[in-house]
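Residue-level structure breakdown
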Amino acid sequence: MHLCTCPDEPEYYSITNILSFFDDVIKKTIELIRIKFIVCYCLTLVQDTIFDYVVSQKNTEDGTDVWVDSYEVCTFLKISDHTLQRLRSEIKINYSRIRGKNYYKISEIKRMLQENLIRGSEECLEDLIQNHQKNVRQKQSAEQHP
């Protein structure tokens, strides 16, 4: 009984057959890479769609379901990136990470202010909300009139 299924003929092991075998392997590998690229591209499109939805959510009447990014939070509440990082690390603030960027709900920022986990005033929070709404309107206007 032979365990090897390779033919015993010397021409099977010829350089031409070996090169042909590797050529097939390379072609199949390239095809797999192409398929992986297409799948990654499609996933990126889905991720972009989800991202756009989250960022462009309509404001509720009290504005608490609006998502703002770290830059906006830090700028208008006058806190550092390090403070936000510490709060995330200590799991004291809820956030979502999309495309490497952190987003926070206004309701979460209000909670942090009420619990005195971050310093700030109601005026700073209102500035944050108003500036965010202004940026959303500008973005929507730019999309409608490119």
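Residues numbered from 1 in each chain as written. Predicted model: local features only at pLDDT ≥ 70, side-chain atom pairs only at ≥ 80, totals over all residues. Heavy atoms only, no water.

Going through the model one piece at a time under the given rule, you end up with two aromatic pairs. When the ring centre of Y95 is taken as reference, the NZ or CZ atom of R88 above it lies at 5.5 Å. (Phe/Tyr/Trp six-rings, centres within 6.5 Å; stacked < 30°, edge-to-face > 60°. Lys NZ or Arg CZ within 6 Å of the ring centre and 35° of its normal.)

A contiguous nonpolar patch, built from I18, F21, F22 and V25 and spanning about 370 Å² of accessible area, is present on the exposed surface. By secondary structure assignment, the location of V25 is in helix 1 (residues 15–55). (Patch = residues over 30% accessible without salt bridge, like charges linked within 9 Å, V, L, I, M, F, W, Y side chains within 5 Å. Areas by Shrake-Rupley, 256 points an atom, 1.4 Å probe, with all protein chains shown as cover. Salt bridge = Lys/Arg side-chain N within 4 Å of Asp/Glu carboxyl O. Helix = DSSP H or I, 4+ residues; strand = E, 2+ residues; numbered from the N terminus.)

The next subject is the nonpolar core. Counting 19 residues, the largest nonpolar core has V73, L77 and I109 as the members making the most contacts within it. Elements represented by at least two residues in this core include exactly helix 2 (70–77), helix 3 (81–89), helix 4 (106–114) and helix 5 (122–144). Sequence-distant contacts of I109, defined by excluding residues within four places in its chain, comprise V73, L77, I93, Y104, I118 and L125. (Core = buried A, V, L, I, M, F, W, Y, C linked by side-chain atoms within 4.5 Å. Buried < 20%, exposed > 50% of the residue type's maximum accessible area, 1.4 Å probe, protein only. Contact = heavy atoms within 4.5 Å.)

This brings us to the pairing of strand 3 (residues 101–105). Here strand 1 (residues 67–69) pairs with strand 3 via three bridges, running antiparallel. The residue bridging V68 from the neighbouring strand is Y104, located in strand 3. Alignment of strand 2 (residues 96–98) against strand 3, held across three bridges, turns out to be antiparallel. In the strand pairing of strand 3, I98 is matched with K101. Hairpin remark: strand 2 followed by strand 3, antiparallel, with two residues in the connecting loop; positive phi at R99, about 50°. (Pairing = 2+ DSSP bridges.)

Okay, the sheet that holds strand 3 next. To summarise the sheet geometry, strands pair through backbone hydrogen bonds and adopt either a parallel or an antiparallel arrangement. Taken together, three strands build an open sheet; the order of strands is 1-3-2 and the sheet is antiparallel. Each of the sheet's edge strands pairs with one partner strand only, and the pair in question is strand 1 and strand 2. Each neighbouring strand pair of the sheet contributes to a mean axis angle of 40°, computed without reference to strand direction. Here helix 2 sits on the sheet in contact with strand 1 and strand 3, set at roughly 80° to strand 1. (Axes fitted to C-alpha atoms, helices over the stretch in contact; angles between N-to-C directions.)

Let us look at the pattern of salt bridges. What the rule picks out here adds up to seven salt bridges. The salt bridge involving K27 is made with D23; its shortest N-O contact spans 3.3 Å. Separated by four residues within a single helix, K27 and D23 lie in helix 1, roughly one turn from each other. Note that E31 and R34 form a salt bridge whose closest N and O atoms lie 2.9 Å from each other. Residue E31 and its partner R34 are located together in helix 1, separated by three residues, close to a single helical turn. When salt bridges with common partners are traced through the structure, they connect R86, E90 and K92 into a single cluster.

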